[in-house]
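Fold and geometry: a report
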Amino acid sequence: MKKYNFNAGPSILPDEVIKQTAEAVIDFQGEGLSILEISHRAKYFQPVVDEAVALMKELLGVPEGYSVIFLGGGASLQFCMVPYNLMEKKSAYLNTGVWAKKALKEAKGFGEAVEVASSAESNYIYIPTEYEIPQDADYFHITTNNTIYGTELSDKKLQDIYKKKGNVPLVADMSSDILSRPIDVSQYGIIYGGAQKNLAPAGVTFVIVKNELLGKVSRHIPTMLDYRTHIDGGSMFNTPPVLPIYSAMLTLRWLRENGGVEAAEKRNIKKAELLYDCIDHSKIFVGTAKEEDRSRMNVCFVLKPEYQDLQDDFFKFATERGMVGVKGHRSVGGFRASLYNAMTLEGVQALVDCIREYEKRM
Ligand SMILES: *Cc1c(COP(=O)(O)O)cnc(C)c1O
């Protein structure tokens with residue numbers, strides 16, 4: 001049976017990326033060695049990192065004056081690396097979910113970290129707009145896509161933030177929507193994320209950083225937590241996650257061959273519309289996120305109150321039809337279908353057909 005992978009992360013990658021990665025594990029570029037056993041210093045691997053960096057810059061339109069680096073530690077390590085490198089006294093955070101809250105918690109260890117607004121009281125079903133960004137903050141932190149709740153900063157809300165931020169550098173956790181749409185990188189001081197949602201297998205973190213923001217804090221920064229170490233070392237200061245970087249490079253090639261982020265956005269809009277439309281017309285399901293903040297990457301829905309007891313039954317029904325990973329995050333319940341770049345329209349249609357078929361039995 002064909003399986004459709006709706007996992008939230010680690011998550012679906014393009015078939016050809018999986019296949020090419022598997023080939024490199026057996027024989028890396030005809031060298032007679034596995035990618036798992038070559039030196040990262042070897043002549044073979046430097047071109048991989050160089051190409052991955054170049055493709056990130058090309059696909060996202062990264063301007064001059066920014067560095068792209070690949071690190072370990074996940075997005076979660078960035079929660080503390082960001083304040084370590086940028087925060088002298090004060091920072092500001094928009095609390096739109098558990099990941100944003102975890103980022104805020106780390107910053108509190110470095111000084112005054114202000115929560116400018118929060119939608120925690122509604123279990124994060126929307127993204128707040130009524131707030132000011134303190135102009136004396138060293139940066140303002142946002143999470144562009146809230147993986148657990150299925151909310152995403154729309155282009156309109158991003159534009160508002162670009163206006164509102166004034167001269168305060170903007171820092172964004174883009175773990176779960178990087179490369180899913182065009183983004184104006186010049187508006188940001190730092191963009192970071194775990195690559196295991198939309199780019200690579202688990203184990204690598206991408207960071208795009210505006211060089212001029214670094215070297216301004218007075219504290220000592222441990223070598224491994226200093227962005228400058230990894231910029232100067234070309235992501236090779238120490239042993240980088242070789243295999244995930246290779247897969248990331250393959251995913252970036254795939255994305256370029258398929259029209260880049262502009263084309264990806266068009267496909268992502270179509271996929272999300274198809275599923276939201278199905279849920280909006282459903283007898284038994286209802287979407288959880290506020291409509292204007294709906295994510296194109298993670299579609300969250302629950303059973304209507306009168307159908308609550310069908311939870312396990314629908315999950316079983318969907319699983320039997322090849323739908324993988326449609327269970328909601330434990331803090332939200334219900335269902336979540338993640339529609340990252342590699343998910344096809346055909347896959348989303350299969351889920352829609354499954355939902356309709358289930359409803360017919362009511
Ligand atoms: C998954 C996720 C994280 C955590 O990433 P790790 O790489 O596991 O640390 C952080 N932020 C967002 C928005 C995520 O989706």
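Here, every reference points to the structure presented above.
Notes on the structure follow. (Residues numbered from 1 in each chain as written. Predicted model: local features only at pLDDT ≥ 70, side-chain atom pairs only at ≥ 80, totals over all residues. Heavy atoms only, no water.)

**A closer look at the overall build of the chain**
Each helix and strand counted, the chain has ten helices and 14 strands in total. The C-alpha atoms of the chain give a radius of gyration of 21 Å, which matches the 21 Å a tight globule of 362 residues would have. Each principal axis of the C-alpha distribution contributes one length, and for the chain these read about 65 × 55 × 30 Å. Within the chain, buried positions represent 56% of all 362 residues. The contacts of the chain with a sequence gap of at least 6 include a subset with a gap of at least 24, amounting to 70%. (Helix = DSSP H or I, 4+ residues; strand = E, 2+ residues; numbered from the N terminus. Rg over C-alpha atoms; globule rule 2.2 N^0.38 Å. Buried < 20%, exposed > 50% of the residue type's maximum accessible area, 1.4 Å probe, protein only. Contact = heavy atoms within 4.5 Å.)

**Side note on the site of the ligand**
For the ligand, the set of nearby residues contains 14 residues, the closest of which are Ser76, Thr147, Asp173, Gln196 and Lys197. Note that an oxygen atom of the ligand is positioned 3.0 Å from one of the backbone N or O atoms of Ala75. Contact between the ligand and Ser76: an oxygen atom at 2.6 Å from a side-chain N or O atom of the residue. When isolated, the ligand has an accessible area of 390 Å², and the protein chains bury 87% of it. When residues of the shell around the ligand are assigned to their parent elements, the largest contribution, four residues, is made by helix 3 (residues 74-86). (Near = heavy atom within 4 Å. Polar contact = N/O pair within 3.5 Å; in protein donor to acceptor, adjacent residues only side chain to side chain. Areas by Shrake-Rupley, 256 points an atom, 1.4 Å probe, with all protein chains shown as cover.)

**Some details on the side chain of Asn341**
Relative to the elements of secondary structure, Asn341 occurs in the loop between strand 14 (335-338) and helix 10 (345-360). When sequence neighbours within four positions are dropped, the list of residues in contact with Asn341 reads Leu179, Ser180, Asn198, Trp254, Leu255, Ala264, Asn268 and Lys271.

**Topic: the sheet that holds strand 10 (residues 205-210)**
In space, the seven strands of this open sheet follow the order 2-10-9-8-5-3-4, with mixed pairing throughout. Because the sheet does not close on itself, it has two edges, and the strands there are strand 2 (66-71) and strand 4 (112-118). Geometrically, the sheet is characterised by an average inter-axis angle of 20° between neighbouring strands, direction not taken into account. Helix 3 contacts strand 2, strand 3 (90-95), strand 8 (170-173), strand 9 (190-194) and strand 10 of the sheet and is inclined by roughly 155° relative to strand 9. (Pairing = 2+ DSSP bridges. Axes fitted to C-alpha atoms, helices over the stretch in contact; angles between N-to-C directions.)

**Some remarks on the nonpolar core**
If you look at the biggest cluster of nonpolar residues, it comprises 62 residues, and the most contacted ones within it are Met56, Leu60, Phe140, Ile142, Leu179 and Tyr188. When residues of this core are assigned to their parent elements, the largest contribution, nine residues, is made by helix 7 (residues 242-257). If we ignore the near neighbours within four places in the chain, the residues touching Leu60 are Ile178, Leu179, Ile183, Val185, Ile208 and Val261. With 34 residues, the next largest nonpolar core counts Phe6, Met297, Met323 and Leu351 among its residues. (Core = buried A, V, L, I, M, F, W, Y, C linked by side-chain atoms within 4.5 Å.)

**Considerations on the sheet that holds strand 11 (residues 285-287)**
Overall, antiparallel pairing links the three strands, which are arranged 11-12-14 in an open sheet. Since the sheet does not close on itself, it has two edges, and those belong to strand 11 and strand 14, each with one partner. Here the strands of the sheet are splayed against their neighbours by 30° on average, with no regard to which way each runs. Of the strand pairs in this sheet, strand 12 (residues 298-303) and strand 14 are connected by four bridges, and their pairing is antiparallel. Along strand 14, the bridge assignment pairs Cys300 with Arg336.

**Concerning the packing of aromatic side chains**
In the structure shown here, the tally under the stated rule is 14 aromatic pairs. Their ring planes at 80° and their centres at 5.4 Å tell us that Phe28 and Tyr246 sit as a pair that is edge-to-face. On the criterion of sequence distance, the pair formed by Phe28 in the loop between helix 1 (15-26) and helix 2 (46-60) and Tyr246 in helix 7 is long-range, its members being 218 residues apart. Residues Phe28 and Tyr246 agree in their burial class; the two are buried. Where Phe285 meets Phe301, the ring centres are 5.4 Å apart and the plane angle is 90°; that geometry is what we call edge-to-face. Highlighted residues: Phe285 in strand 11 and Phe301 in strand 12, separated in sequence by 16 residues. Here the two residues Phe285 and Phe301 agree in accessibility, since each one is buried. Taken together, the ring pairs in this structure connect Phe285, Phe301, Phe314, Phe317, Phe335 and Tyr358 into an aromatic cluster. Its guanidinium or amino end placed over the ring of Tyr131, Lys164 lies 3.8 Å from that ring's centre, counting from NZ or CZ. (Phe/Tyr/Trp six-rings, centres within 6.5 Å; stacked < 30°, edge-to-face > 60°. Lys NZ or Arg CZ within 6 Å of the ring centre and 35° of its normal.)

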